[in-house]
Amino acid sequence: EYTREKKRLGVMDYGDLVAHAARIAQEVPAAALAERTSHQVVLLDEFQDQKKKKMVLFSQLYGQGHPVTAVGDPNQSIYGFRGASAGQLFRFPETFPIVRGEQREIAHVKHLTIAWRNTVNVLSAANQITAGGAAHSGPVTVKPLEPSAFAQPGRVVLNRCATVRQEAEAI
């Protein structure tokens, strides 16, 4: 019903815009050339929260050896409810290869394993929770995070509340 209503009103939502842009990038080579010329280096942050259509868009625009860096943590993928998938992050090295003349190689992967925003105990709890996650093979793997040298011990509290108000008051 939502899709029909958008069509009836002649409007697009954000997902439609991304899908439309991806089609343009696939069908109009000049669009990709213009983007590569405008953006000589590309940083894709929070890449674990991207939809497949964005991967198509970005790969059409920048996937032929253009300098692209993606930053993401599959354990922090929180937008699955809107179609995002950490799987895009795992496919990044093959989708955005390094191209040197006729040679193509899988993009390099660097693991950033020091967490600068978390306390020691929060990271310990997070690492225990995520340790049971699905294993991935290939160049992108998931490594436990380590606290920075400046991290305080911190405290992890588990609390269950019956209402949003009780949760707000507890916080």
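Parameters and conventions
- Residues numbered from 1 in each chain as written.
- Predicted model: local features only at pLDDT ≥ 70, side-chain atom pairs only at ≥ 80, totals over all residues.
- Heavy atoms only, no water.
- Helix = DSSP H or I, 4+ residues; strand = E, 2+ residues; numbered from the N terminus.
- Contact = heavy atoms within 4.5 Å.
- Axes fitted to C-alpha atoms, helices over the stretch in contact; angles between N-to-C directions.
- Parallel < 35°, antiparallel > 145°, perpendicular 65-115°, else oblique.
- Nonpolar A, V, L, I, M, F, W, Y, C, P; charged D, E, K, R; others polar.
- Expected span 1.5 Å × (residues − 1).
- Buried < 20%, exposed > 50% of the residue type's maximum accessible area, 1.4 Å probe, protein only.
- Arc of directions from axis to C-beta.
- Polar contact = N/O pair within 3.5 Å; in protein donor to acceptor, adjacent residues only side chain to side chain.
- Patch = residues over 30% accessible without salt bridge, like charges linked within 9 Å, V, L, I, M, F, W, Y side chains within 5 Å.
- Areas by Shrake-Rupley, 256 points an atom, 1.4 Å probe, with all protein chains shown as cover.
- Salt bridge = Lys/Arg side-chain N within 4 Å of Asp/Glu carboxyl O.
- Lys, Arg positive; Asp, Glu negative; His and termini not counted.
- Charge placed at Lys NZ, Arg CZ, Asp CG, Glu CD.
- Core = buried A, V, L, I, M, F, W, Y, C linked by side-chain atoms within 4.5 Å.

**Remarks on the environment of proline 97**
Position of proline 97 among the secondary structure elements: in the loop between α5 (87-95) and β3 (98-100). For the pair proline 97 and valine 140, spaced 43 residues apart in sequence, the C-alpha separation works out to 14 Å. Discounting residues that sit within four places of it in the chain, proline 97 has contacts with Gly63, Gly65, Arg104, Glu105 and Ala107.

**Observations concerning the packing of helix α3 (residues 29-38) against helix α4 (residues 52-62)**
When two helices pack together, you describe them by how their axes are tilted relative to each other and by the distance separating the axes. It is the contact of α3 with α4, at a shortest axis distance of 8 Å, that shows an interaxial angle of 75°. On the basis of the axis angle, α3 is roughly perpendicular to α4. Of α4, the residues touching α3 (which contributes Ala31, Ala32, Glu35 and Arg36) are Gln60, Leu61 and Tyr62. Taken together, the residues of the contact of α3 with α4 break down into 4 nonpolar, 1 polar and 2 charged.

**Side note on helix α2 (residues 14-27)**
Taking 1.5 Å of rise per residue, the 14 residues of α2 would be expected to cover 20 Å, and the 20 Å separating its terminal C-alpha atoms lies within 8% of that figure. Buried within α2 we find Val18, Ala19, Ala22 and Ala25. One side of α2 holds all its buried residues, which, seen down the axis, span an arc of 120°. Each element contacted by the buried residues of α2 is listed here: α4. Between the side-chain oxygen of the N-cap and the backbone nitrogen of glycine 15 there are 3.2 Å, and the N-cap of α2 in question is aspartate 13.

**Let's talk about the side chain of histidine 66**
With respect to the element layout, histidine 66 can be found in the loop between α4 and β2 (68-70). In terms of polar contacts, histidine 66 uses its side chain to reach the backbone carbonyl oxygen of histidine 39, at 2.6 Å. In terms of polar contacts, histidine 66 uses its side chain to reach the backbone carbonyl oxygen of glutamine 40, at 3.3 Å. Non-local contacts of histidine 66, meaning those with residues more than four positions away in its chain, are made with Arg36, His39, Gln40, Val41 and Val42.

**A word on a positive patch on the surface**
Taken together, the side chains of Arg23, Lys52, Lys53 and Arg91 define a basic patch exposed on the protein surface. Its location among the elements puts lysine 53 in helix α4.

**Topic: a nonpolar patch on the surface**
Together, Met12, Tyr14 and Leu17 give the surface a local cluster of nonpolar side chains, amounting to about 330 Å² of exposed area. Among the structural elements, leucine 17 can be located in helix α2.

**Thoughts on the nonpolar core**
Core analysis: the biggest nonpolar cluster contains 18 residues, and Leu44, Phe47, Val68 and Phe96 have the highest contact counts within it. Elements with a contribution of two residues or more to this core: α2, β1 (42-44), α4 and α5. Per element, the largest residue contribution to this core is 5 residues, and it comes from α4. Not counting the four nearest positions on each side in its chain, phenylalanine 47 is found in contact with Met55, Phe58, Ala70, Val71, Gly72, Gln88, Leu89 and Phe92.

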